[in-house]
Amino acid sequence: MRTILALDEGTTSARAIVFDADGNILATAQKEFTQTFPKSGWVEHDAEEIWSAQIGVAIEAMSRARLSAKDIAAVGITNQRETTVVWDRQTGVPVGPAIVWQDRRTAGFCDRLLADGNATWIQERTGLLIDAYFSGSKIAWILDNVKGAREQAEAGKLAFGTIDSWLAWKLTDGRLHITDVSNASRTRLFNIHKGDWDDERLHMFRVPRSMLPEVRASSEIYGEIQAPGLNGVPLAGMAGDQQAALFGQMCFTPGLTKNTYGTGCFMLQTTGEKAVTSHNRLLTTVAWKIGGRTSYALEGAVFVGGAVVQWLRDGLKLIRTADEINHLAATVPDNGGVYLVPAFTGLGAPHWDPYARGTLVGITRGTSAGHIARAALESIAFQSAELLGAMRADARQPPVEMRVDGGASQSNLLMQFQADLLGIPVARPTVTETTALGAAYLAGLTTGFWKSTDDLAKHYHVERRFEPQMAPSQAKEMQLNWSRAVERAKGWIVS
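A brief report on the enclosed structure follows. Owing to the predicted nature of the structure, the values given are computational and were not obtained by experimental measurement. (Residues numbered from 1 in each chain as written. Predicted model: local features only at pLDDT ≥ 70, side-chain atom pairs only at ≥ 80, totals over all residues. Heavy atoms only, no water.)

Moving on to the overall build of the chain. Along the backbone of the chain there are 16 helices and 23 strands. Against the 2.2 N^0.38 benchmark of 23 Å for 495 residues, the chain shows a C-alpha radius of gyration of 21 Å, consistent with a compact globule. Classification of the 495 residues of the chain by burial places 62% in the buried group. Of the contacts made within the chain by residues no fewer than 6 positions apart, 73% connect residues no fewer than 24 positions apart. Of the roughly 18,700 Å² of accessible surface on the chain, a fraction of 49% belongs to carbon and sulfur atoms. Here the chain carries 49 positive and 52 negative side-chain charges, and the mean point of each set is 2 Å from the other. (Helix = DSSP H or I, 4+ residues; strand = E, 2+ residues; numbered from the N terminus. Rg over C-alpha atoms; globule rule 2.2 N^0.38 Å. Buried < 20%, exposed > 50% of the residue type's maximum accessible area, 1.4 Å probe, protein only. Contact = heavy atoms within 4.5 Å. Areas by Shrake-Rupley, 256 points an atom, 1.4 Å probe, with all protein chains shown as cover. Lys, Arg positive; Asp, Glu negative; His and termini not counted. Charge placed at Lys NZ, Arg CZ, Asp CG, Glu CD.)

Structure (structure tokens):
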């Protein structure tokens with residue numbers, strides 16, 4: 001049996017999934033890795049631990065499916081984006097912890113860029129806003145704060161990469177230092193129109209060009225893997241997690257929209273081969289590049305989505321497992337007037353406030369754990385509804401349905417509430433691991449495992465469609481209350 005192996009390196013765990021020719025999951029393995037919070041607003045990962053976890057689950061998934069390297073037609077990578085790793089080219093050892101996309105330590109630097117009037121032309125070239133979310137300021141921080149790093153970088157001794165680059169380097173024993181266009185477009189160092197690194201951005205962030213990976217297409221044979229259990233297998237697909245999910249959801253036509261409910265929530269709408277500039281504080285991003293043709297998307301990002309459930313589990317200890325939140329939330333008929341704004345690391349689109357912090361409002365003596373659990377789930381839907389509101393204002397083709405995926409999309413309570421707020425159907429596919437599926441499809445297309453996107457579309461099936469049931473007036477009132485809560489969360493940390 002010939003199969004495709006997808007390596008899905010997320011924010012909190014590494015997964016590996018084996019897919020067959022029909023897009024069905026044959027085997028999966030997953031391992032969480034350490035989340036480090038050294039200061040308020042700082043989030044770090046150990047890149048070596050990520051590599052160990054990722055290669056470990058790859059071998060485990062293959063073992064569960066009783067496969068060897070000869071049974072794998074190709075490997076595709078999808079990854080948490082913007083997370084920044086800098087390593088020594090000779091030793092392959094990172095110079096320090098990876099700075100995670102959620103990290104806000106460079107917010108002050110970004111404030112100075114805004115104050116200097118750089119916002120418009122940065123958005124015009126990169127499609128991005130000025131925020132600590134993106135990789136460019138993270139690289140600059142490492143070079144300025146790790147002893148000797150800037151001197152080594154200027155001497156050509158250091159390499160930068162987002163997690164896709166780091167995994168490609170490790171999988172090929174240092175032979176490949178590459179990224180794909182979708183990940184490159186998230187650095188704020190990449191000109192999305194020219195398809196190359198932007199020298200003016202590099203100068204602004206004081207990042208030597210020699211550090212940067214070669215930018216490749218999202219679907220091509222990059223080289224052969226040189227790693228235990230996978231020797232000789234082609235590495236053939238690569239995309240940031242949200243672009244991979246957009247591809248896995250078959251959103252090939254302009255106007256098609258998906259929302260991924262992972263650690264954060266990420267809504268993307270395909271705009272085709274035209275990069276549409278947002279006037280409502282969304283991002284313009286490269287979706288993928290296949291066969292010499294680049295596709296773009298509009299994107300809105302929520303920093304804390306499913307992570308709010310982890311907080312209830314690990315921080316407040318209200319639940320023992322993530323799945324328990326649905327049972328706890330169902331013990332009450334509504335939120336009881338309680339609203340939770342999970343701005344633990346600031347607010348993403350459309351607010352872009354790095355100084356916001358988490359806020360719980362509307363508490364009374366009658367407030368129970370069930371109300372807090374329900375408010376936590378609803379916060380995911382409220383934030384996503386804000387994204388769709390901005391997207392509707394920008395897009396020429398408002399979505400008629402929302403395609404969903406990610407761990408939290410398994411919650412029927414959340415998906416029904418989401419449909420109620422959006423006022424459009426929410427479609428959950430049979431295979432919700434669409435991030436990994438997208439990476440598999442990208443790898444399989446270029447190796448001939450699948451013939452075309454039309455061939456892929458045959459494998460898309462909806463498991464359940466949630467139709468709006470709430471009265472529009474009630475949905476509007478709840479969104480107004482949510483907006484009031486958000487205003488109370490903004491600007492909590494003084495810059």
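That shown, we press on.
One pass over the full model with this rule turns up 22 aromatic pairs. Measuring from centroid to centroid gives 4.7 Å for Phe 449 and Trp 450, while their planes differ by 85°, and the two rings are edge-to-face. Here the two residues Phe 449 and Trp 450 agree in accessibility, since each one is buried. Members of the aromatic cluster, connected to one another through ring pairs, are Trp 101, Tyr 133, Phe 134, Phe 266, Phe 303 and Trp 352. Over the ring of Trp 141 we find Arg 105, and its NZ or CZ is 4.5 Å from the ring centre. (Phe/Tyr/Trp six-rings, centres within 6.5 Å; stacked < 30°, edge-to-face > 60°. Lys NZ or Arg CZ within 6 Å of the ring centre and 35° of its normal.)

On to the packing of helix α1 (residues 47-64) against helix α6 (residues 163-171). For the pair α1 and α6, interaxial distance at closest approach is 11 Å and the crossing angle is 65°. You can see that α1 and α6 cross each other, and the crossing is right-handed. Residues Ala 47, Glu 48, Ile 50, Trp 51, Gln 54 and Ile 55 of α1 touch α6, and the partners they reach there are Ile 163, Trp 166, Leu 167, Lys 170 and Leu 171. Grouping the constituent residues of the contact of α1 with α6 by class yields 8 nonpolar, 1 polar and 2 charged. (Axes fitted to C-alpha atoms, helices over the stretch in contact; angles between N-to-C directions. Left-handed = near helix turned anticlockwise from the far one by under 90°. Nonpolar A, V, L, I, M, F, W, Y, C, P; charged D, E, K, R; others polar.)

The subject of this paragraph is the sheet that holds strand β2 (residues 13-19). Strand order in this open sheet of 6 strands is β3-β2-β1-β5-β14-β13, and the pairing throughout is mixed. Taken across any chain shown, the strands that pair with only one partner, and hence form the sheet edges, are β3 (25-32) and β13 (219-224). Between one strand axis and the next, the sheet turns by 25° as a mean value, whatever way the strands run. (Pairing = 2+ DSSP bridges.)

All right, on to the layout of surface pockets then. The calculated volume of the largest pocket comes to roughly 980 Å³. The wall of the largest pocket is formed by 41 residues, among which Tyr 261, Gly 262, Thr 263, Gly 407 and Ala 408 lie closest to the centre. When contributions to the lining of the largest pocket are tallied by element, the ones reaching two or more residues are β2, β3, α9 (241-248), β15 (257-261), α10 (307-315), α11 (324-329) and α14 (434-446). Looking at the lining of the largest pocket, the element that brings in the most residues is α10, giving 4 residues. Classifying every residue of the lining of the largest pocket by side-chain character gives 10 nonpolar, 21 polar and 10 charged. Taken as a whole, the second largest pocket holds about 480 Å³ of empty space. The greatest single-element share of the lining of the second largest pocket, amounting to 6 residues, is contributed by α10. Of the residues assigned to the lining of the second largest pocket, the class counts are 8 nonpolar, 9 polar and 4 charged. (1 Å grid on protein atoms, 1.4 Å probe; cavity = no way out; pocket = protein on both sides within 12 Å on 5 of 7 lines; lining within 4 Å. Points joined across faces, edges and corners; volume = space filled by probe spheres on them.)

Below, the discussion takes up the pattern of salt bridges. Under the definition given, this model contains 32 salt bridges. Between Asp 103 and Arg 105 there is a salt bridge, with its nearest N and O atoms 2.9 Å apart. Side by side, Asp 103 and Arg 105 carry an identical accessibility label, which is buried. A salt bridge links Asp 198 to Arg 125; its shortest N-O distance comes to 3.6 Å. Within this pair, whereas Asp 198 is found in the loop between β11 (196-197) and α8 (199-205), its partner Arg 125 is found in helix α3 (residues 119-126), the two being separated by 73 residues in sequence. The exposure class of Asp 198 is buried, given its relative accessible area of 5%. (Salt bridge = Lys/Arg side-chain N within 4 Å of Asp/Glu carboxyl O.)

Picture a little ball the size of a water molecule; that probe, rolled over the atoms, points out where space is still empty. Counted by the stated rule, this structure contains 1 cavity of 30 Å³ or more. Computed from the structure, the largest cavity encloses a volume of approximately 50 Å³. Together, Ala 301, Val 302, Phe 303, Leu 347, Gly 348, Ala 349, His 351, Gln 383, Glu 386, Trp 482 and Val 486 line the largest cavity. For the lining of the largest cavity, the residue count by class is 7 nonpolar, 3 polar and 1 charged.

For a regular strand, side chains alternate in direction, first toward one face of the sheet and then toward the other. Counting buried residues along strand β5 (residues 72-79), 8 of its 8 residues qualify, which places the element largely inside the surrounding structure. Sheet topology places strand β1 (residues 3-9) next to β5; 7 bridges connect them, and they run parallel. Along β5, the bridge assignment pairs Asp 8 with Thr 78. Judged from the 5 bridges that link them, β5 and strand β14 (residues 234-240) form a sheet pairing that is parallel. Looking at the pairing, Asn 79 lines up with Gly 240 of β14.

Let's shift gears to the sheet that holds strand β18 (residues 293-302). Reading across from one edge, β17-β18-β16-β15-β21-β22-β23 is the order of the 7 strands in this open sheet, with mixed pairing throughout. Among the strands making up the open sheet, the edge pair consists of β17 (283-290) and β23 (462-466). If you compare each strand with its neighbour and ignore which way they point, the axes differ by 30° on average. Two elements, strand β22 (residues 426-429) and β23, share 4 bridges in a ladder whose sense is antiparallel. Bridge pairing links Val 426 to Phe 466 in β23. Across the sheet, α9 touches β15, β16 (265-272), β17, β18 and β21 (402-405), and the angle it forms with β17 is around 60°.

This paragraph deals with helix α4 (residues 135-145). Judged by how many residues are buried, α4 sits mostly within the fold: 8 of 11 residues are covered. Of all the residues in α4, the buried ones are Ser 135, Gly 136, Ser 137, Lys 138, Ile 139, Ala 140, Ile 142 and Leu 143.

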